[in-house]
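# Structure assessment
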Amino acid sequence: MQKRFTVIAGPCVLEHQRGENNRQAARKLKALMASFPEVDFYFKSSFDKANRTSVDGYRGPGLEEGLAILKEIKDELGVKLLSDIHEIQQVGPVAEVVDMLQIPAFLCRQTDLLLEAGKSGKAVNIKKGQFMAPQDMIHAADKILHAGNKHVYITERGSTFGYNNLVVDMRSIPITHSMGFPLIFDATHSVQIPGGQGTSSGGKRDFAPVLARAAVAAGCDGLFFETHPNPNEALSDGPNQIPLDWVEDLLKSCLAIRAVIAQDPLHQRLENSFTPTLSH
């Protein structure tokens with residue numbers, strides 16, 4: 001278990017009006033994190049959602065304007081940033097602004113993208129594909145390591161279960177630990193219903209805190225969740241984003257659970273049984 005607990009949080013996408021909803025969220029989240037010194041916080045928002053269900057879905061302001069907004073948020077608040085990349089040409093410009101690059105789940109096998117992200121020297125968070133077994137993520141992580149970059153995180157975000165549904169196998173947490181990588185749990189995309197609203201994805205945000213607490217009890221090293229001042233008006237992934245007003249209570253309960261398992265002898269024995277065994 002890492003000494004500090006990673007929290008990656010923010011609205012799904014940078015929205016209109018120079019990202020005012022994003023700024024509001026960033027200010028609120030930074031203020032909240034001051035109460036949780038054990039948390040290593042990254043503010044997350046996407047400049048482009050390249051995998052929307054419909055061609056008409058809102059994608060964001062794009063690379064140039066989006067990075068300008070993110071840089072303004074970083075300069076104003078002093079928060080660390082994470083944003084996702086979709087093409088190798090985006091790696092350089094994005095790495096100049098953010099502190100952690102994110103590989104989307106659908107792109108977690110894209111060799112050139114992973115190698116280029118690794119070469120940036122920035123920490124890289126790889127979302128586990130909905131189609132991937134947790135042990136197979138060793139190959140995605142190895143591509144980052146091959147570029148000389150050891151700052152790799154793997155994020156669990158559920159696995160496809162039939163049509164328009166995801167389930168989470170909590171065994172992915174110790175399996176990922178056995179490969180020597182920290183595991184972040186994505187509590188909000190795990191409750192997504194892909195394509196569930198026809199031209200957009202649905203979701204069940206009420207289940208996000210349930211899965212988040214379960215993942216912390218299973219030993220995850222951090223949480224990823226998307227949060228918005230008014231999720232019902234969000235321009236992307238509204239049904240599975242949680243309201244900003246939920247964040248403080250969610251973190252209190254999750255960190256309390258983490259404190260308990262950190263002192264639990266059984267948890268320690270189980271963690272030791274999953275020490276890294278796979279070479280990379």
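The notes below deal with the structure included here. (Residues numbered from 1 in each chain as written. Predicted model: local features only at pLDDT ≥ 70, side-chain atom pairs only at ≥ 80, totals over all residues. Heavy atoms only, no water.)

To continue, consider the pairing of strand β12 (residues 222-228). Most of β12 sits inside the fold, with seven of its seven residues counted as buried. Taking every second residue as pointing to the same face, both faces of β12 are buried, with G222, F224, E226 and H228 on one and L223, F225 and T227 on the other. Pairing between strand β1 (residues 5-10) and β12: five bridges, direction parallel. Within the sheet, the bridge partner assigned to I8 lies in β12 and is F224. Summarising the sheet, strand β9 (residues 183-186) and β12 pair through three bridges and their orientation is parallel. Each bridged residue has a counterpart across the sheet, and for I184 the counterpart in β12 is G222. Bridge count for β12 against strand β13 (residues 242-243) is two bridges, and the pairing is parallel. If you follow H228 over to β13, its bridge partner there is P243. (Buried < 20%, exposed > 50% of the residue type's maximum accessible area, 1.4 Å probe, protein only. Helix = DSSP H or I, 4+ residues; strand = E, 2+ residues; numbered from the N terminus. Pairing = 2+ DSSP bridges.)

Right, let's get into helix α3 (residues 88-95). All of the buried residues in α3 are Q90, V91, V94 and A95. Axial view of α3: buried residues confined to an arc of 115°, hence all on one face. (Arc of directions from axis to C-beta.)

Attention now moves to the side chain of S172. Inspection of the secondary structure puts S172 in helix α6 (residues 172-178). The class of S172 is buried, set by a relative accessible area of 2%. Of the polar contacts made by the side chain of S172, one reaches the side chain of E156; its length is 2.8 Å. Excluding residues that lie within four positions of it along the chain, S172 makes contacts with P134, E156 and L183. (Polar contact = N/O pair within 3.5 Å; in protein donor to acceptor, adjacent residues only side chain to side chain. Contact = heavy atoms within 4.5 Å.)

A regular strand places its side chains so that they alternate between the two faces of the sheet. The buried count for strand β3 (residues 80-84) comes to four of five residues, which makes it a mostly enclosed element. What joins strand β2 (residues 39-44) to β3 is helix α2 (residues 63-77), and the crossover it makes is right-handed. Between β3 and its parallel partner strand β4 (residues 100-103), the chain crosses via α3, and the hand of that crossover is right-handed. (Right-handed = clockwise from strand over helix to strand, strands pointing away.)

So, about the packing of aromatic side chains. Applying the stated criterion across every chain yields a total of zero aromatic pairs. Across the ring face of F224, the terminal group of K127 is positioned such that the distance to the ring centre comes to 4.2 Å. (Phe/Tyr/Trp six-rings, centres within 6.5 Å; stacked < 30°, edge-to-face > 60°. Lys NZ or Arg CZ within 6 Å of the ring centre and 35° of its normal.)

Attention now goes to the pattern of salt bridges. For the coordinates displayed, the defined rule picks out 14 salt bridges. Here D75 makes a salt bridge to K71, at a shortest N to O gap of 2.8 Å. Of this pair, D75 and K71 both sit in helix α2, separated by four residues, roughly a single helical turn. Using a relative accessible area of 43% as the deciding quantity, one classes K71 as partly exposed. Linked through salt bridges whose partners overlap, the residues forming this network are R4, D40 and K80. (Salt bridge = Lys/Arg side-chain N within 4 Å of Asp/Glu carboxyl O.)

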